Amino acid sequence: MPGNTQKSRTSNKAMTLFVCFLAALAGLLFGLDIGVIAGALPFIAKDFNVTAHQQEWIVSSMMFGAAVGAIGSGWMSSRLGRKKSLMAGAILFVIGSLWSAMSPNPEMLIWARVLLGLAVGIASYTAPLYLSEIAPEKIRGSMISLYQLMITIGILGAYLSDTAFSFTGNWRWMLGVITIPALLLLIGVFFLPNSPRWLAAKGNFRDAQRVLDRLRDTSEQAKRELDEIRESLKIKQSGWGLFKENSNFRRAVFLGILLQVMQQFTGMNVIMYYAPKIFEIAGFSNTTEQMWGTVIVGLVNVLATFIAIGLVDRWGRKPTLILGFMVMAAGMGILGTMLHIGIDSQGAQYFAIGMLLMFIVGFAMSAGPLIWVLCSEIQPLKGRDFGITVSTTTNWIANMIVGATFLTMLNTLGNASTFWVYALLNLFFILLTVMLIPETKNISLEHIERNLMKGKKLRDIGSQN
Ligand code: BGC
């Protein structure tokens, strides 16, 4: 009956939306946990009376956990499934948030953040994977950018809540309040269906069909998709084996590592984690100014992500990345120069903040989402799980190095030189992008794979012929 079909179509859409919303909630939590430490750190430092070195560890212990979580979740999400992995991530989010809010000393806090990191690592690997397996084909491409958007919204949310709690200086509430979205995720995950692709990979085609029937508009669509999944499963994942025997695959893994190292060494997370400190260096001595400045950083990060969403498929990856690195190099370079000369008027202060925001725009419109997009495009099907596990883990290790060295760099190199180092790195990345990064706009993943395996230069694996 047409009425019934209409109703079931609407409820299938609602189900798909619910599923995407929940996986995106994992992105939000990822962002909340990245952002929360910026506002909490100055209060934690005062309360526990910790050294710069200990502060660096409080920040980067989470990234260490996330690197371990990303390695482990490659295995876990294929053995236990995406749904159970997300559930494990959600449980760790809840425990980690509560534990860090109640930590009696810096050591405990560091361990609690390692645990939280495990959750973030699992979420950062599993949620995009689950999203791409469950979203209808039409919207699969925009899902990764959407996920990045959720991360930036999470970071902004954390900055806002930090600001609200900063009036009482209560860092425990800042960290503890994240338990609420973590609990929401945990409850929601129970209602999620298993990924149809994972079910099929386990040989459970009947359940895969049932899930697809609930998610797609028509049963023909569901059947077609199951056939496609069946077809693609003929290619067995054998990442490590392929890595050992095939030098072309090794080049793709290398490219994934390089891309993530470039993303992190832009210096973006220096600002994400230490924004209030940077405002202090730029001459804003009052905490309220520092906190509101940080909120503006978070807001600009969200807004500029929309530029990337609009540009990736029109301009392509390479020009957008090159422009992004130029803007970032200019932002960091000018900021460093101003710190060198001395920021001694209000006008100079605002100009310095303008440069900081310009850097944020440069990152959010380019390397932020694009590196994740590229990493998901360059791996050959047979080695995809392996390749993406390696690049995601690299993201967290590089992230940890940046977080764990910033205050030491400030103390040893001085403020100006620290920002200059990042400016030079961004300049160098322009060169690397021109020489090594492929353009993958409007080209099928199969074509990229064929070019890679034929031995084409990395920068040419996205070419049409
Ligand atoms: C990066 C994170 C960063 C975030 C900022 C992501 O793409 O991987 O390290 O904190 O963007 O928006």
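See the structure printed just above.
Because the structure is predicted, anything quoted here is derived from the model rather than measured.

### A closer look at the site of the ligand
- The immediate surroundings of the ligand are formed by 14 residues, with Q148, Q263, Q264, N269 and W372 found nearest.
- Taking G368, its main chain carries an N or O atom lying 3.2 Å from an oxygen atom of the ligand.
- Measuring from an oxygen atom of the ligand, one finds a side-chain N or O atom of W372 at 3.0 Å.
- Mapping the ligand onto the cavity grids shows that it belongs to the largest cavity.
- Tallied by class, residues from the shell around the ligand come to five nonpolar, nine polar and no charged.

### A closer look at the packing of helix α16 (residues 346-364) against helix α17 (residues 367-377)
- Relative to each other, α16 and α17 sit at 20°, their axes nearing to 5 Å. The orientation of α16 relative to α17 falls into the category roughly parallel. For the pair α16 and α17, contact is made by G362, F363 and A364 and by A367, G368 and P369, respectively.
- The residue inventory of the contact of α16 with α17, partitioned by class, reads four nonpolar, two polar and no charged.

### Describing unusual backbone geometry
- Positive phi values are uncommon outside glycine, yet N49 reaches one of about 55°.
- By the element assignment, N49 lies in the loop between α1 (2-48) and α2 (52-79).
- One non-glycine residue with positive phi stands out, namely N442, at about 55°.
- Structurally, N442 can be placed in the loop between α19 (415-436) and α20 (445-453).

### With respect to helix α9 (residues 205-215)
- Those residues of α9 that sit buried are A208, V211, L212 and L215. In an axial view of α9, the angular spread of the buried residues amounts to 100°, which keeps them on one side of the axis.

Rules used in this analysis
Residues numbered from 1 in each chain as written. Predicted model: local features only at pLDDT ≥ 70, side-chain atom pairs only at ≥ 80, totals over all residues. Heavy atoms only, no water. Near = heavy atom within 4 Å. Polar contact = N/O pair within 3.5 Å; in protein donor to acceptor, adjacent residues only side chain to side chain. 1 Å grid on protein atoms, 1.4 Å probe; cavity = no way out; pocket = protein on both sides within 12 Å on 5 of 7 lines; lining within 4 Å. Sits in = over half its atoms within 2 Å of the grid points. Nonpolar A, V, L, I, M, F, W, Y, C, P; charged D, E, K, R; others polar. Axes fitted to C-alpha atoms, helices over the stretch in contact; angles between N-to-C directions. Helix = DSSP H or I, 4+ residues; strand = E, 2+ residues; numbered from the N terminus. Parallel < 35°, antiparallel > 145°, perpendicular 65-115°, else oblique. Contact = heavy atoms within 4.5 Å. Buried < 20%, exposed > 50% of the residue type's maximum accessible area, 1.4 Å probe, protein only. Arc of directions from axis to C-beta.

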